[in-house]
Amino acid sequence: MNFADKVVLVTGAGRGIGQAIALAFAQAGARVAVNDINPDSCAKTAEAIMTSGGQALACHADVANKLAVQAMLIDIEDRWGRVDILINNAGVEPHQPIVQLDEWDWNRTLDVNLKGAFICSQSVGRMMQQQGGGAIVNIASIAGRAAGLRDRSAYVASKTGLIGFTKECAREFAAYNIRVNAVCPGVIITAMTAQLRENEAQMQKWLEDIPLGRLGDPEDVTGLVLFLCSDAARYITGQAINVDGGKVML
Ligand SMILES: NC(=O)c1ccc[n+]([C@@H]2O[C@H](COP(=O)([O-])OP(=O)(O)OC[C@H]3O[C@@H](n4cnc5c(N)ncnc54)[C@H](O)[C@@H]3O)[C@@H](O)[C@H]2O)c1
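All of the points below concern the structure found in this document.

About the criteria used
Counting from 1, residues in each chain are numbered in the order their sequence is written. The predicted origin of the model limits local features to residues at a pLDDT of at least 70 and limits the giving and counting of side-chain atom pairs to 80 or more, whereas totals for whole chains, interfaces and linings rest on all residues. Helical segments are the DSSP runs of H or I of at least four residues, strand segments are the runs of E of at least two, and each set is numbered from the N terminus. Every radius of gyration here is taken over C-alpha atoms, with the globule rule written as 2.2 Å times N^0.38, N being the number of residues. Joining buried Ala, Val, Leu, Ile, Met, Phe, Trp, Tyr and Cys residues through C-beta atoms within 7 Å gives a set, and that set is a nonpolar core. Counting other C-beta atoms within 10 Å of its own, a residue is labelled buried from 20 upward, exposed at 12 or fewer, and partly exposed in the gap between, with every C-beta atom placed from the backbone. The contact criterion used is a C-beta to C-beta distance within 7 Å, with each C-beta placed from the backbone. Any helix carries an expected span of 1.5 Å times its number of residues minus one. Two strands pair under a simple rule: DSSP has to find at least two bridges between them. For helices, the fitted line uses only the C-alpha atoms of the stretch in contact; every axis is such a line through C-alpha atoms, and the angle between N-to-C directions lies from 0 to 180 degrees. All residues are tested the same way: a C-beta atom is placed from the backbone, and lying within 6 Å of a molecule or strand makes the residue near it. Ten residues, namely Ala, Val, Leu, Ile, Met, Phe, Trp, Tyr, Cys and Pro, are considered nonpolar, four, namely Asp, Glu, Lys and Arg, are considered charged, and the remaining ones, Gly among them, are considered polar. For a crossing to be left-handed, the near helix must be turned anticlockwise from the far one by less than a right angle; the clockwise case is right-handed. With its strands directed away from the observer, a crossover is right-handed exactly when the path from the first strand over the helix to the second travels clockwise.

Below, the discussion takes up the overall build of the protein. Counting its regular elements, the protein contains eight helices and seven strands. In terms of C-alpha radius of gyration, the protein reaches 17 Å, essentially the compact-globule figure of 18 Å for 250 residues. Its C-alpha atoms give the protein principal-axis dimensions of roughly 50 × 40 × 35 Å.

Turning to the nonpolar core, a few remarks are in order. With 73 residues, the main nonpolar core has Val8, Ile21, Ala22, Phe25, Val32, Val34 and Ile87 as its most contacted residues. Excluding residues within four positions of it along the chain, Val8 makes contact with Phe3, Phe25, Ala30, Val32, Ala33, Asp84, Ile85 and Ile87.

With that out of the way, let us pick up helix H8 (residues 218–229). Given a rise of 1.5 Å per residue, 12 residues ought to cover 16 Å, and the 17 Å separating the end C-alpha atoms of H8 matches this to within 8%. Among the residues making up H8, those that are buried are Asp220, Val221, Thr222, Val225, Leu226, Leu228 and Cys229. Tucked inside the fold, the buried residues of H8 contact helix H1 (16–27), strand E4 (85–88), strand E5 (134–139), strand E6 (178–185) and strand E7 (240–243).

Taken in spatial order, the seven strands make up an open sheet running E3-E2-E1-E4-E5-E6-E7, and their pairing is parallel. Across the chains shown, the open sheet's two edge strands, defined by having one partner strand only, are strand E3 (55–60) and E7. Each strand axis lies, on average, 20 degrees off the axis of its neighbour in the sheet, ignoring direction. Strand direction decides the pairing type here: strand E2 (residues 31–36) and E3, joined by six bridges, are parallel.

If you check the shell around the ligand, you find 31 residues, and the closest are Gly12, Gly16, Gly91, Thr190 and Met192. Every element with two or more residues in the shell around the ligand is listed here: H1, E2 and helix H4 (103–131). Here the shell around the ligand gets three residues from one element, more than from any other, and that element is H1. Looking at the shell around the ligand, its residues break down into 13 nonpolar, 14 polar and four charged.

As a further point, take unusual backbone geometry. Of note in the backbone geometry, Asp5 takes a positive phi value of approximately 80 degrees without being a glycine. Within the fold, Asp5 resides in the segment before strand E1 (7–10). You will see that Asn177, though not glycine, has its phi angle at about 65 degrees, which is positive. Mapped onto the secondary structure, Asn177 falls in the loop between helix H5 (153–173) and E6.

As for its placement among the helices and strands, Ile98 is situated in the loop between E4 and H4. By the C-beta count within 10 Å, which is 11 here, Ile98 ends up exposed. Linking Ile98 and Ala26, residues 72 residues apart in sequence, is a C-alpha distance of 40 Å.

Once that is clear, we can look at the packing of helix H3 (residues 66–80) against H4. It is the contact of H3 with H4, at a shortest axis distance of 10 Å, that shows an interaxial angle of 40 degrees. Crossing of H3 against H4: the hand is right-handed. Residues Lys66, Val69, Gln70 and Leu73 of H3 form the contact with H4, whose participating residues are Ile119, Cys120, Ser123 and Val124. Per-class residue counts for the contact of H3 with H4 are five nonpolar, two polar and one charged.

Looking now at the pairing of E1. Side-chain alternation along E1 places Val7 and Leu9 on one buried face and Val8 and Val10 on a second face that is also buried. Alignment of E1 against E2, held across four bridges, turns out to be parallel. The residue of E2 that forms the bridge with Val10 is Val34. Remark: the E1/H1/E2 crossover connection has right-handed handedness.

The next point concerns the pairing of E5. Within E5, six of the six residues are buried, which leaves it mostly tucked inside the rest of the structure. On E5, burial covers both faces: Gly134, Ile136 and Asn138 on one face and Ala135, Val137 and Ile139 on the other are all buried. Where E4 and E5 come together, four bridges link them in parallel fashion. By the bridge assignment for E5, Asn88 is matched with Asn138.

It is worth spelling out H5 at this point. Side chains of residues three or four places apart in an α-helix project in the same direction, reflecting 3.6 residues per turn. Along its 21 residues, H5 runs 30 Å from first to last C-alpha, staying within 8% of the 30 Å computed at 1.5 Å per residue. For H5, the complete set of buried residues consists of Ala154, Tyr155, Val156, Ser158, Lys159, Leu162, Phe165, Thr166, Cys169, Ala170 and Phe173. The inward-facing, buried residues of H5 abut H4, E5, E6 and E7.

Dropping the structure here:
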């Protein structure tokens with residue numbers, strides 16, 4: 001897949017799945033706006049792209065903050081004049097039983113995982129409408145399709161909502177030649193799942209239910225994301241597709 005001449009914005013790209021997606025787009029020739037709330041980590045991902053000969057712009061912003069997102073888009077527009085592809089990847093995952101879950105954590109999870117995708121899709125969607133098209137991929141989760149992890153009520157609610165938002169966004173944006181899809185990873189080896197993976201008994205049980213017999217790496221997710229943003233997927237919109245070794249078959 002070749003993304004030369006395309007401008008891609010990946011949120012939460014300082015590490016983990018977002019970083020792998022940013023690097024994959026850069027390798028495929030895209031100019032990549034690397035967003036993260038952590039200024040050091042997004043600078044590092046951008047630097048890695050530039051060291052390999054690619055073009056990158058580090059964009060420090062909180063996706064839950066509309067003014068910060070708008071300022072970020074002004075920077076990208078000043079540099080490259082457009083955004084062709086948006087990957088809403090930034091996410092947080094608090095672990096608490098419902099009876100103990102702090103209201104702040106509930107609100108923050110919904111703000112980053114769901115409202116953040118809305119804010120970015122709205123602002124970038126307006127740019128894409130002017131440009132005549134684009135592609136958006138929301139990184140949801142199998143937790144939003146068939147929950148199976150305990151103590152993650154806010155996370156599951158946010159990812160279920162994100163899949164619903166993906167479908168509505170796809171319906172509305174189709175008129176402007178903008179396709180919108182969701183990718184739903186299973187357990188991927190990143191910092192987000194470090195605590196989960198420490199629980200050996202729980203992991204053993206989880207692994208028994210994965211036909212392909214292993215957890216995923218961030219690079220297992222990138223192929224589908226790039227495919228969904230490519231012309232090869234030009235007739236695909238409003239879908240939520242699992243990347244989970246076959247754990248959830250819907
Ligand atoms: N790792 C998994 O098993 C898994 C499974 C399913 C879905 N996902 C989803 O994939 C996405 C990436 O997960 P990951 O495992 O790479 O997580 P991660 O914690 O390793 O990385 C998430 C990145 O998002 C950034 N971020 C957090 N809040 C932000 C905000 N408000 N604005 C901008 N950046 C912000 C963090 O600083 C971090 O760099 C998340 O949406 C997550 O829910 C992950």
